[in-house]
Amino acid sequence: NAGVTQTPKFQVLKTGQSMTLQCAQDMNHNSMYWYRQDPGMGLRLIYYSASEGTTDKGEVPNGYNVSRLNKREFSLRLESAAPSQTSVYFCASSERDYYYNEQFFGPGTRLTVL
Amino acid sequence: GENVEQHPSTLSVQEGDSAVIKCTYSDSASNYFPWYKQELGKRPQLIIDIRSNVGEKKDQRIAVTLNKTAKHFSLHITETQPEDSAVYFCAASTPVYSSASKIIFGSGTRLSIRP
């Protein structure tokens, strides 16, 4: 049982390049989330998927797109990377029972945009 | 939308003393309040959570209290040890029967334990 996995662990891009961050979970969770974490700051929600087939914007969605490929996988795409997107990106998934939203995090992807 | 404020941003305590971190939230519909610990270079890990139908929860040296009227909740760590040094995040979430439910995090507290 691997929990939440993310690839790649590290990535360096040049301004304007594109890339996709991959996330998968094997806990049969309905909901998945993408966060970014900048130095000295908390976790800010980029996009989330409450259930398979749905996606919604979070606090900081500009410059990103997402795809909920199936129940297990949720990818984050940067179409034209900018230095302001240098950050650590965490994927999370949630059991999401009827009332409570307990989340489990992946190991993170450290992205640098030059 | 929900807003979560966390204080202090940094905290240094002597080993063996207690540490307290406080958070306030804005959405009175919030019903779930987790606390995460993040060590350097690692992912956030859930250490304790509290649901809105209880006022206090304890797990060994860690306790969390919730005051729904005042909309604030706190993390208490007693008998601190060097391995407690980390960044701690509070969070608040509204009920998930609303499809818009999501967790909003505080900005974090860097806790340092002095030997």
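Here, the structure is the one placed above.
Given the structure is predicted, the values throughout are model-derived calculations rather than measurements.

Enquirer: What is the right way to read unusual backbone geometry from this model?
Expert: Excluding glycine, residues mostly have negative phi values, and the peptide bonds linking residues are mostly trans. Each neighbour pair has its own omega, and for A:Thr7 with A:Pro8 the value is -10 degrees, a cis peptide bond. Note that A:Pro8 resides in the loop between strand S1 (4-7) and strand S2 (10-13). Looking along the chain, the bond that leaves B:His7 and enters B:Pro8 is cis, with omega of -5 degrees. Here A:Asn28, not a glycine, exhibits a phi torsion of approximately 60 degrees, which is positive. Inspection of the secondary structure assignment puts A:Asn28 in the loop between strand S3 (19-25) and strand S4 (31-37).

Enquirer: I tried to follow the state of the cysteines on my own but got confused; where do I start?
Expert: Here a disulfide denotes one covalent bond, and it connects the sulfur atoms of two cysteines. All names here are of chain A. On inspection of all chains with the given rule, the structure shows two disulfides over all chains. Shown here is the disulfide that connects Cys 23 with Cys 91, its sulfur atoms set 1.9 Å apart. Residues Cys 23 and Cys 91 are joined by a disulfide whose S-S torsion is about -75 degrees; by sign, that bridge is left-handed. Here the residue Cys 23 occupies a position in strand S3, and Cys 91 occupies one in strand S9 (residues 87-94), the gap between them amounting to 68 residues.

Enquirer: Before we go on, may I ask you to explain the layout of surface pockets in this structure?
Expert: To find the voids left in a structure, one rolls a probe of water-molecule size over its atoms. The volume enclosed by the largest pocket comes to roughly 710 Å³. Taken together, 34 residues make up the lining of the largest pocket; nearest its centre are A:Gln37, A:Arg110, B:Gln38, B:Leu40 and B:Gly41. Listed by contribution, the elements that provide at least two residues to the lining of the largest pocket are S9 and strand S11 (109-113) of chain A together with strand S9 (86-93) and strand S11 (109-114) of chain B. In the lining of the largest pocket, the residues fall into 12 nonpolar, 16 polar and six charged. In this model, the second largest pocket occupies a volume close to 170 Å³. Around the second largest pocket, the lining residues are A:Met41, A:Gly42, A:Leu43, A:Arg44, A:Glu59, B:Glu2, B:Asn3, B:Val4, B:Ile104, B:Phe105, B:Gly106 and B:Ser107. Counting residues per element, the ones that place at least two in the lining of the second largest pocket are strand S5 (43-49) of chain A together with strand S10 (103-105) of chain B. A class-by-class count of the residues in the lining of the second largest pocket yields five nonpolar, four polar and three charged.

Enquirer: I tried to follow the nonpolar core on my own but got confused; where do I start?
Expert: Of all hydrophobic cores here, the largest spans 24 residues; its most connected members are B:Trp35, B:Phe73, B:Leu75 and B:Leu111. Elements with a contribution of two residues or more to this core: strand S2 (10-14), strand S3 (19-25), strand S4 (32-38), strand S5 (45-51), strand S7 (62-67), strand S8 (72-77), S9 and S11 of chain B. With residues near it in sequence (within four places) discarded, B:Leu75 still touches B:Ala19, B:Val20, B:Ile21, B:Trp35, B:Ile47, B:Ile48, B:Ile62, B:Ala63 and B:Tyr88. Core analysis: the second largest hydrophobic core is formed by 19 residues, A:Leu13, A:Cys23, A:Tyr47 and A:Tyr89 among them.

Enquirer: Honestly, the packing of aromatic side chains in this entry has me stumped. Any pointers?
Expert: Think of a pair of aromatic rings as described by two things: how far the centres are apart, and how the planes are tilted against each other in angle. This structure, assessed with the given rule, holds 13 aromatic pairs over all chains. Centroid distance A:Phe90 to A:Phe105: 6.3 Å. Interplanar angle 85 degrees. Geometry classified as edge-to-face. Taken together, the residues span a long stretch of sequence, with A:Phe90 in strand S9 and A:Phe105 in strand S10 (residues 103-105) at a distance of 15 residues. In this pair, the class of A:Phe90 matches that of A:Phe105, namely buried. Seen in terms of ring centroids, A:Phe105 and B:Phe105 are 6.0 Å apart; in terms of plane orientation they differ by 70 degrees. Their pairing is edge-to-face. Of this pair, A:Phe105 sits in strand S10 while B:Phe105 is found in strand S10, placing the two residues in two different chains. For the pair formed by A:Phe105 and B:Phe105, the shared burial category is buried. Through a chain of ring-to-ring contacts, the aromatic side chains of A:Tyr33, A:Tyr35, A:Tyr48, A:Phe90, A:Phe105, B:Tyr36 and B:Phe105 assemble into a single cluster.

Enquirer: Can you walk me through the side chain of A:Arg36 in this structure?
Expert: Residues and elements named next belong to chain A. Take Arg 36: it is sitting in strand S4. Overall, Arg 36 belongs to the buried group, its relative accessible area being 7%. Reaching out from Arg 36, the side chain makes a polar contact with the backbone oxygen of Ser 84 at a distance of 2.8 Å. Discounting residues that sit within four places of it in the chain, Arg 36 has contacts with Gly 42, Leu 43, Arg 44, Ile 46, Val 60, Tyr 64, Ser 84, Gln 85, Thr 86, Ser 87, Val 88 and Tyr 89.

Enquirer: Which parts of the structure should I look at to understand the side chain of B:Gln38?
Expert: Checked against the element boundaries, B:Gln38 lands in strand S4. A polar side-chain atom of B:Gln38 sits 2.8 Å from a polar atom in the side chain of A:Gln37. A distance of 2.9 Å separates the side chain of B:Gln38 from the backbone oxygen of B:Lys42, its partner in a polar contact. Beyond its immediate sequence surroundings of up to four residues, B:Gln38 is in contact with A:Gln37, A:Phe90, B:Arg43, B:Pro44, B:Ala86, B:Val87 and B:Phe89.

Cut-offs used in this document
Residues numbered from 1 in each chain as written. Chains lettered and ligands numbered in written order. Predicted model: local features only at pLDDT ≥ 70, side-chain atom pairs only at ≥ 80, totals over all residues. Heavy atoms only, no water. Helix = DSSP H or I, 4+ residues; strand = E, 2+ residues; numbered from the N terminus. Disulfide = S-S within 2.5 Å. 1 Å grid on protein atoms, 1.4 Å probe; cavity = no way out; pocket = protein on both sides within 12 Å on 5 of 7 lines; lining within 4 Å. Points joined across faces, edges and corners; volume = space filled by probe spheres on them. Nonpolar A, V, L, I, M, F, W, Y, C, P; charged D, E, K, R; others polar. Core = buried A, V, L, I, M, F, W, Y, C linked by side-chain atoms within 4.5 Å. Buried < 20%, exposed > 50% of the residue type's maximum accessible area, 1.4 Å probe, protein only. Contact = heavy atoms within 4.5 Å. Phe/Tyr/Trp six-rings, centres within 6.5 Å; stacked < 30°, edge-to-face > 60°. Polar contact = N/O pair within 3.5 Å; in protein donor to acceptor, adjacent residues only side chain to side chain.

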